[in-house]
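# A structural walkthrough
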Amino acid sequence: MSRVLRGGVEAFLESWDPAYPVLRPLPYNVKLGADNPDNLYMYGTVSGAFEYRIRGTRGTVTYLSFGCYSGSRPGQGSSRPDHLDSSRLVTQEDGSFEIFLTPQPRGKNWLRLPADASRIVVRQTFLDRTKEVPADLHIERLPLATVEAAQVAATASSASGAASIPVVDPATGQEDKPALTAGQVVSGLAGASVFINGSVMQFQAWSRQFAARPNTLFCRDHDVYMSAWADPAIYFLHGYWRLGNFQLDNWWMESLDYANHPAITVNKATARYMPDKSICLPGSTRRTTATAPWVCAGCWRSSTRCRAAQSWSWGSRWLTQ
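Remember, predicted model here, so these are calculated numbers, not experimental data.

So, on to the overall build of the protein. Counting its regular elements, the protein contains four helices and 15 strands. The buried share of the protein, reckoned over its 321 residues, is 48%. Put simply, 70% of the contacts in the protein that link residues at least 6 apart link residues at least 24 apart. Only carbon and sulfur atoms are counted for the fraction: they give 55% of the accessible area of the protein, which is about 15800 Å².

The next subject is the packing of aromatic side chains. Counted according to the given criterion, the structure contains six aromatic pairs. Residues Phe66 and Phe97 carry aromatic rings whose centres are separated by 6.1 Å and whose planes lie at 70 degrees to one another, so their mutual orientation is edge-to-face. Separated by 31 residues along the polypeptide, Phe66 in strand 4 (residues 63-70) and Phe97 in strand 6 (residues 96-102) bring together distant segments of the chain. Taking the relative accessible area as the measure of exposure, Phe66 reaches 0% and is therefore buried. Seen in terms of ring centroids, Trp206 and Phe210 are 6.4 Å apart; in terms of plane orientation they differ by 65 degrees. Their pairing is edge-to-face.

For the rest of this paragraph, the subject is the sheet that holds strand 7 (residues 110-112). Taken in spatial order, the four strands line up as 7-6-3-9 in an open sheet, and their pairing is mixed. Where the open sheet ends on each side, the last strands, each with one partner, are strand 7 and strand 9 (136-141). Averaged over all pairs of adjacent strands, the angle between strand axes in this sheet comes to 20 degrees, irrespective of strand direction. Bridging between strand 6 and strand 7 involves three bridges; their strand directions are parallel. Paired with Leu101 across the two strands is Leu111, which belongs to strand 7.

Judged from the six bridges that link them, strand 3 (residues 52-57) and strand 6 form a sheet pairing that is antiparallel. Paired with Tyr52 across the strands is Leu101, a residue of strand 6. Sheet topology note: the strand 3/strand 9 ladder contains six bridges and is antiparallel. Bridged to Arg55 within strand 9 is His138.

In this structure, Ser118 sits in strand 8 (residues 117-125). The class of Ser118 is buried, set by a relative accessible area of 8%.

Once that is clear, we can look at the sheet that holds strand 8. Strand order in the open sheet made by the five strands is 1-2-8-4-5, with antiparallel pairing throughout. The sheet is open, and its two edges are formed by strand 1 (24-25) and strand 5 (82-85), each paired on a single side. Pairing analysis gives eight bridges linking strand 4 to strand 8, with the strands arranged antiparallel. Counterpart to Gly67 in the pairing with strand 8 is Val121.

The next subject is the pattern of salt bridges. As enumerated under the stated definition, the model contains four salt bridges in all. Close ionic contact of Arg24 with Glu10 constitutes a salt bridge, the shortest N to O distance being 2.8 Å. With a gap of 14 residues between them, Arg24 in strand 1 and Glu10 in helix 1 (residues 2-14) connect regions that are remote in the sequence. Salt-bridge contacts for Arg55 lead to Glu98; the nearest nitrogen and oxygen are separated by 3.6 Å. Within this pair, whereas Arg55 is found in strand 3, its partner Glu98 is found in strand 6, the two being separated by 43 residues in sequence. Residue Arg55 is classed as partly exposed on the basis of its relative accessible area, which comes to 39%. Counted as one network, the salt bridges with shared partners bring together Arg53, Arg55, Glu98 and Glu140.

Turning our eyes to something else, we now look at unusual backbone geometry. Among all residues except glycine, the phi angle is most often negative; among peptide bonds, the trans geometry is most common. Even without being glycine, Asn215 reaches a positive phi, approximately 60 degrees. Structurally, Asn215 can be placed in the loop between helix 3 (182-211) and helix 4 (222-227).

Mean pLDDT over the protein: 77, with 74% of residues reaching 70 or higher. pLDDT under 50 marks residues 287-315. Its contacts with residues more than four places away, or in other chains, come to 85 contacts.

Cut-offs applied
Residues numbered from 1 in each chain as written. Predicted model: local features only at pLDDT ≥ 70, side-chain atom pairs only at ≥ 80, totals over all residues. Heavy atoms only, no water. Helix = DSSP H or I, 4+ residues; strand = E, 2+ residues; numbered from the N terminus. Buried < 20%, exposed > 50% of the residue type's maximum accessible area, 1.4 Å probe, protein only. Contact = heavy atoms within 4.5 Å. Areas by Shrake-Rupley, 256 points an atom, 1.4 Å probe, with all protein chains shown as cover. Phe/Tyr/Trp six-rings, centres within 6.5 Å; stacked < 30°, edge-to-face > 60°. Pairing = 2+ DSSP bridges. Axes fitted to C-alpha atoms, helices over the stretch in contact; angles between N-to-C directions. Salt bridge = Lys/Arg side-chain N within 4 Å of Asp/Glu carboxyl O. pLDDT = per-residue confidence, 0-100.

Laid out in C-alpha coordinates, this is it:
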(Lines give C-alpha, C1' and ligand atoms only; values in the text may rest on other atoms or scores of the structure.)
Protein backbone atom coordinates (compact mmCIF):
# COMPACT_ATOMS: atom_id res chain seq x y z
CA MET A 1 0.00 0.00 0.00
CA SER A 2 2.85 2.41 0.71
CA ARG A 3 4.09 2.02 -2.86
CA VAL A 4 0.68 2.86 -4.33
CA LEU A 5 0.44 5.79 -1.89
CA ARG A 6 3.79 7.16 -3.05
CA GLY A 7 2.78 6.75 -6.68
CA GLY A 8 -0.52 8.53 -6.14
CA VAL A 9 0.99 11.50 -4.31
CA GLU A 10 3.77 11.83 -6.90
CA ALA A 11 1.33 11.70 -9.82
CA PHE A 12 -1.44 13.88 -8.43
CA LEU A 13 0.39 16.38 -6.25
CA GLU A 14 4.07 16.61 -7.13
CA SER A 15 3.58 16.27 -10.91
CA TRP A 16 -0.08 17.16 -11.40
CA ASP A 17 -0.28 20.33 -13.46
CA PRO A 18 -1.28 19.99 -17.12
CA ALA A 19 -0.31 23.62 -17.70
CA TYR A 20 3.32 22.76 -16.82
CA PRO A 21 3.76 19.07 -17.66
CA VAL A 22 6.81 16.91 -17.00
CA LEU A 23 7.65 13.36 -18.04
CA ARG A 24 8.86 11.40 -15.02
CA PRO A 25 9.66 7.74 -14.41
CA LEU A 26 7.62 5.89 -11.83
CA PRO A 27 8.99 6.44 -8.31
CA TYR A 28 11.42 3.78 -7.13
CA ASN A 29 9.82 0.37 -6.67
CA VAL A 30 6.28 1.61 -7.42
CA LYS A 31 4.46 -1.20 -9.22
CA LEU A 32 0.94 -1.45 -10.59
CA GLY A 33 -1.21 -3.54 -12.90
CA ALA A 34 1.21 -6.42 -13.59
CA ASP A 35 3.96 -4.00 -14.60
CA ASN A 36 6.63 -5.41 -16.88
CA PRO A 37 10.12 -5.76 -15.30
CA ASP A 38 11.64 -5.18 -18.76
CA ASN A 39 9.98 -1.76 -19.02
CA LEU A 40 10.94 1.77 -18.06
CA TYR A 41 7.63 3.57 -17.52
CA MET A 42 7.28 7.35 -17.72
CA TYR A 43 4.16 9.45 -17.32
CA GLY A 44 2.96 13.03 -17.51
CA THR A 45 -0.27 14.93 -16.91
CA VAL A 46 -1.98 16.51 -19.92
CA SER A 47 -5.32 18.15 -20.69
CA GLY A 48 -7.42 18.50 -23.83
CA ALA A 49 -7.62 22.21 -23.09
CA PHE A 50 -3.94 22.66 -24.03
CA GLU A 51 -1.65 21.43 -26.79
CA TYR A 52 1.75 19.78 -26.30
CA ARG A 53 4.99 18.70 -27.91
CA ILE A 54 7.33 15.89 -26.89
CA ARG A 55 10.96 16.22 -27.96
CA GLY A 56 13.62 13.59 -27.61
CA THR A 57 16.21 11.22 -28.99
CA ARG A 58 15.37 7.63 -29.87
CA GLY A 59 18.20 5.84 -28.10
CA THR A 60 18.66 2.12 -28.79
CA VAL A 61 15.96 0.65 -26.54
CA THR A 62 14.22 -2.29 -28.25
CA TYR A 63 10.70 -0.87 -28.10
CA LEU A 64 9.37 2.63 -27.43
CA SER A 65 5.71 3.65 -27.27
CA PHE A 66 3.59 6.67 -26.35
CA GLY A 67 -0.05 6.51 -25.26
CA CYS A 68 -2.53 9.30 -24.58
CA TYR A 69 -5.27 8.30 -22.11
CA SER A 70 -8.24 9.70 -20.21
CA GLY A 71 -9.47 9.12 -16.66
CA SER A 72 -7.83 9.66 -13.28
CA ARG A 73 -6.69 6.05 -12.93
CA PRO A 74 -6.34 2.85 -15.02
CA GLY A 75 -9.73 1.35 -15.86
CA GLN A 76 -11.57 4.67 -15.74
CA GLY A 77 -10.81 6.00 -19.23
CA SER A 78 -13.70 7.00 -21.47
CA SER A 79 -12.19 8.20 -24.75
CA ARG A 80 -10.40 5.61 -26.86
CA PRO A 81 -6.67 6.06 -26.29
CA ASP A 82 -4.27 6.96 -29.07
CA HIS A 83 -0.84 5.38 -29.49
CA LEU A 84 2.40 5.81 -31.39
CA ASP A 85 5.26 3.31 -31.19
CA SER A 86 8.79 3.00 -32.49
CA SER A 87 7.71 1.11 -35.61
CA ARG A 88 5.95 4.27 -36.86
CA LEU A 89 8.07 6.95 -35.19
CA VAL A 90 9.75 9.29 -37.70
CA THR A 91 13.21 10.33 -36.55
CA GLN A 92 16.01 12.50 -37.92
CA GLU A 93 19.40 11.09 -38.90
CA ASP A 94 20.73 11.87 -35.42
CA GLY A 95 17.84 9.99 -33.80
CA SER A 96 15.99 13.11 -32.66
CA PHE A 97 12.24 13.52 -33.09
CA GLU A 98 9.23 15.50 -31.96
CA ILE A 99 5.64 14.39 -31.34
CA PHE A 100 2.67 16.76 -31.27
CA LEU A 101 -0.29 16.11 -28.96
CA THR A 102 -3.11 18.14 -30.47
CA PRO A 103 -6.79 17.64 -31.42
CA GLN A 104 -5.97 17.86 -35.14
CA PRO A 105 -3.10 16.21 -37.06
CA ARG A 106 0.18 18.10 -36.91
CA GLY A 107 3.75 17.28 -37.87
CA LYS A 108 5.29 13.96 -38.86
CA ASN A 109 4.54 12.34 -35.48
CA TRP A 110 1.11 13.00 -34.00
CA LEU A 111 -0.97 11.75 -31.07
CA ARG A 112 -4.64 12.68 -30.98
CA LEU A 113 -5.46 14.69 -27.86
CA PRO A 114 -9.16 14.25 -26.90
CA ALA A 115 -11.06 16.81 -24.83
CA ASP A 116 -10.93 14.56 -21.74
CA ALA A 117 -7.24 13.63 -22.05
CA SER A 118 -5.49 13.28 -18.70
CA ARG A 119 -2.31 11.23 -19.02
CA ILE A 120 0.58 10.50 -21.35
CA VAL A 121 2.31 7.16 -20.67
CA VAL A 122 5.66 6.16 -22.19
CA ARG A 123 6.89 2.57 -22.28
CA GLN A 124 10.49 1.67 -23.05
CA THR A 125 11.04 -2.09 -23.31
CA PHE A 126 14.56 -3.47 -22.91
CA LEU A 127 15.92 -6.88 -23.80
CA ASP A 128 19.27 -6.07 -22.18
CA ARG A 129 19.42 -2.99 -19.94
CA THR A 130 23.21 -3.22 -19.73
CA LYS A 131 23.60 -2.62 -23.49
CA GLU A 132 20.58 -0.56 -24.59
CA VAL A 133 20.32 3.22 -24.30
CA PRO A 134 16.92 4.60 -23.21
CA ALA A 135 15.22 7.40 -25.09
CA ASP A 136 15.80 10.91 -23.73
CA LEU A 137 12.40 12.62 -23.55
CA HIS A 138 10.92 16.00 -22.59
CA ILE A 139 7.39 17.41 -22.86
CA GLU A 140 6.27 21.02 -23.15
CA ARG A 141 2.94 22.81 -23.43
CA LEU A 142 2.67 24.88 -26.59
CA PRO A 143 2.47 28.65 -25.97
CA LEU A 144 -0.89 30.32 -25.39
CA ALA A 145 -1.67 33.38 -27.48
CA THR A 146 -3.31 35.65 -24.89
CA VAL A 147 -3.99 36.05 -21.19
CA GLU A 148 -7.64 35.28 -21.85
CA ALA A 149 -6.75 32.08 -23.68
CA ALA A 150 -4.60 30.99 -20.73
CA GLN A 151 -7.40 31.56 -18.25
CA VAL A 152 -10.00 29.78 -20.37
CA ALA A 153 -7.70 26.81 -21.00
CA ALA A 154 -6.70 26.44 -17.36
CA THR A 155 -10.30 26.62 -16.19
CA ALA A 156 -11.41 24.07 -18.77
CA SER A 157 -8.53 21.72 -17.99
CA SER A 158 -9.64 21.04 -14.44
CA ALA A 159 -12.92 21.92 -12.80
CA SER A 160 -11.34 20.98 -9.45
CA GLY A 161 -8.71 23.70 -9.81
CA ALA A 162 -5.63 21.46 -10.19
CA ALA A 163 -4.23 23.30 -13.19
CA SER A 164 -2.27 26.53 -12.89
CA ILE A 165 -3.43 29.60 -14.76
CA PRO A 166 -0.33 30.82 -16.62
CA VAL A 167 0.45 34.49 -16.09
CA VAL A 168 1.13 36.07 -19.48
CA ASP A 169 2.71 39.51 -19.85
CA PRO A 170 0.56 41.28 -22.51
CA ALA A 171 3.51 43.37 -23.66
CA THR A 172 6.09 40.60 -24.11
CA GLY A 173 3.95 37.48 -24.32
CA GLN A 174 6.26 35.80 -21.79
CA GLU A 175 4.78 33.40 -19.25
CA ASP A 176 5.45 33.06 -15.54
CA LYS A 177 4.42 30.00 -13.57
CA PRO A 178 2.25 31.07 -10.63
CA ALA A 179 2.82 29.84 -7.09
CA LEU A 180 1.12 26.66 -5.90
CA THR A 181 -2.27 27.41 -4.34
CA ALA A 182 -4.06 25.81 -1.40
CA GLY A 183 -6.78 24.72 -3.81
CA GLN A 184 -4.25 22.84 -5.92
CA VAL A 185 -2.90 21.03 -2.85
CA VAL A 186 -6.42 19.98 -1.80
CA SER A 187 -7.24 18.92 -5.36
CA GLY A 188 -3.99 16.94 -5.65
CA LEU A 189 -4.54 15.07 -2.40
CA ALA A 190 -8.12 14.29 -3.43
CA GLY A 191 -6.92 13.01 -6.80
CA ALA A 192 -4.28 10.85 -5.13
CA SER A 193 -6.95 9.37 -2.86
CA VAL A 194 -9.17 8.49 -5.82
CA PHE A 195 -6.20 6.97 -7.65
CA ILE A 196 -5.06 4.87 -4.69
CA ASN A 197 -8.49 3.50 -3.85
CA GLY A 198 -9.54 2.98 -7.45
CA SER A 199 -6.34 1.26 -8.51
CA VAL A 200 -6.32 -1.16 -5.57
CA MET A 201 -9.98 -2.04 -6.13
CA GLN A 202 -9.48 -2.34 -9.90
CA PHE A 203 -6.65 -4.84 -9.77
CA GLN A 204 -8.09 -6.81 -6.88
CA ALA A 205 -11.18 -7.25 -9.06
CA TRP A 206 -8.99 -8.48 -11.89
CA SER A 207 -7.27 -10.98 -9.60
CA ARG A 208 -10.64 -12.32 -8.48
CA GLN A 209 -11.65 -12.78 -12.12
CA PHE A 210 -8.40 -14.62 -12.83
CA ALA A 211 -9.01 -16.80 -9.76
CA ALA A 212 -12.38 -17.86 -11.19
CA ARG A 213 -10.47 -19.74 -13.90
CA PRO A 214 -7.53 -21.27 -11.99
CA ASN A 215 -4.47 -22.76 -13.70
CA THR A 216 -5.37 -21.17 -17.04
CA LEU A 217 -3.73 -18.42 -19.08
CA PHE A 218 -6.28 -16.29 -20.94
CA CYS A 219 -6.66 -12.88 -22.54
CA ARG A 220 -9.42 -10.48 -21.50
CA ASP A 221 -11.38 -8.31 -23.90
CA HIS A 222 -9.16 -5.83 -25.74
CA ASP A 223 -11.17 -2.80 -24.60
CA VAL A 224 -10.68 -3.78 -20.95
CA TYR A 225 -6.92 -3.50 -21.34
CA MET A 226 -7.16 -0.29 -23.35
CA SER A 227 -9.27 1.39 -20.66
CA ALA A 228 -6.57 0.40 -18.18
CA TRP A 229 -3.94 2.40 -20.10
CA ALA A 230 -2.47 -0.59 -21.95
CA ASP A 231 -0.49 -0.63 -25.20
CA PRO A 232 -2.37 -2.12 -28.21
CA ALA A 233 0.86 -3.59 -29.60
CA ILE A 234 1.18 -5.83 -26.54
CA TYR A 235 -0.80 -9.05 -26.20
CA PHE A 236 -1.58 -9.86 -22.57
CA LEU A 237 -2.17 -13.23 -20.94
CA HIS A 238 -3.09 -13.54 -17.28
CA GLY A 239 -3.95 -16.40 -14.97
CA TYR A 240 -4.18 -17.63 -11.41
CA TRP A 241 -2.31 -20.66 -10.12
CA ARG A 242 -3.08 -22.69 -7.00
CA LEU A 243 0.51 -23.61 -6.27
CA GLY A 244 2.51 -22.97 -3.15
CA ASN A 245 5.88 -22.22 -4.71
CA PHE A 246 5.14 -20.31 -7.93
CA GLN A 247 4.66 -16.57 -8.31
CA LEU A 248 5.31 -13.80 -10.81
CA ASP A 249 2.81 -11.15 -9.63
CA ASN A 250 1.40 -10.75 -6.15
CA TRP A 251 -2.30 -10.41 -5.29
CA TRP A 252 -2.09 -6.65 -5.80
CA MET A 253 -0.78 -7.28 -9.34
CA GLU A 254 2.65 -5.87 -8.56
CA SER A 255 5.70 -7.39 -10.18
CA LEU A 256 8.21 -8.90 -7.78
CA ASP A 257 11.53 -7.42 -6.65
CA TYR A 258 13.35 -7.68 -9.97
CA ALA A 259 15.83 -4.95 -8.94
CA ASN A 260 17.38 -7.23 -6.32
CA HIS A 261 16.32 -10.60 -7.76
CA PRO A 262 16.70 -10.57 -11.60
CA ALA A 263 15.73 -14.25 -11.81
CA ILE A 264 12.03 -13.45 -11.40
CA THR A 265 11.76 -12.38 -15.06
CA VAL A 266 12.77 -13.98 -18.35
CA ASN A 267 12.46 -12.49 -21.83
CA LYS A 268 13.32 -13.79 -25.28
CA ALA A 269 16.88 -12.53 -24.99
CA THR A 270 17.63 -14.06 -21.57
CA ALA A 271 15.70 -17.33 -22.00
CA ARG A 272 17.57 -20.55 -22.70
CA TYR A 273 15.86 -22.55 -25.41
CA MET A 274 15.20 -26.28 -25.59
CA PRO A 275 16.33 -28.21 -28.71
CA ASP A 276 12.82 -27.78 -30.20
CA LYS A 277 13.01 -23.97 -29.56
CA SER A 278 10.53 -24.15 -26.69
CA ILE A 279 11.30 -22.93 -23.19
CA CYS A 280 10.42 -24.39 -19.80
CA LEU A 281 10.21 -22.09 -16.79
CA PRO A 282 10.02 -23.99 -13.50
CA GLY A 283 9.06 -21.84 -10.51
CA SER A 284 10.92 -22.57 -7.31
CA THR A 285 12.34 -20.87 -4.22
CA ARG A 286 15.79 -22.09 -5.24
CA ARG A 287 17.61 -22.98 -8.44
CA THR A 288 17.45 -26.71 -9.10
CA THR A 289 20.04 -26.87 -11.90
CA ALA A 290 22.88 -24.67 -13.03
CA THR A 291 21.83 -24.47 -16.69
CA ALA A 292 18.04 -24.69 -16.94
CA PRO A 293 15.87 -21.56 -17.18
CA TRP A 294 14.43 -20.73 -13.77
CA VAL A 295 12.04 -18.21 -12.27
CA CYS A 296 12.56 -17.41 -8.60
CA ALA A 297 9.25 -17.82 -6.78
CA GLY A 298 10.50 -17.14 -3.29
CA CYS A 299 11.71 -13.56 -3.70
CA TRP A 300 8.49 -12.21 -2.21
CA ARG A 301 6.53 -13.70 0.66
CA SER A 302 3.62 -12.28 2.58
CA SER A 303 1.25 -12.98 5.41
CA THR A 304 -2.39 -13.84 4.89
CA ARG A 305 -3.14 -10.30 3.74
CA CYS A 306 -2.31 -11.32 0.18
CA ARG A 307 -2.94 -15.06 0.45
CA ALA A 308 0.34 -15.47 -1.39
CA ALA A 309 1.34 -18.65 0.43
CA GLN A 310 -1.43 -20.60 -1.28
CA SER A 311 -1.96 -18.94 -4.66
CA TRP A 312 -0.12 -16.85 -7.21
CA SER A 313 -1.02 -14.58 -10.10
CA TRP A 314 0.76 -14.95 -13.42
CA GLY A 315 1.11 -12.41 -16.21
CA SER A 316 2.58 -12.89 -19.68
CA ARG A 317 2.84 -10.57 -22.66
CA TRP A 318 4.50 -10.22 -26.01
CA LEU A 319 4.68 -7.57 -28.70
CA THR A 320 2.50 -8.24 -31.72
CA GLN A 321 4.98 -6.58 -34.07
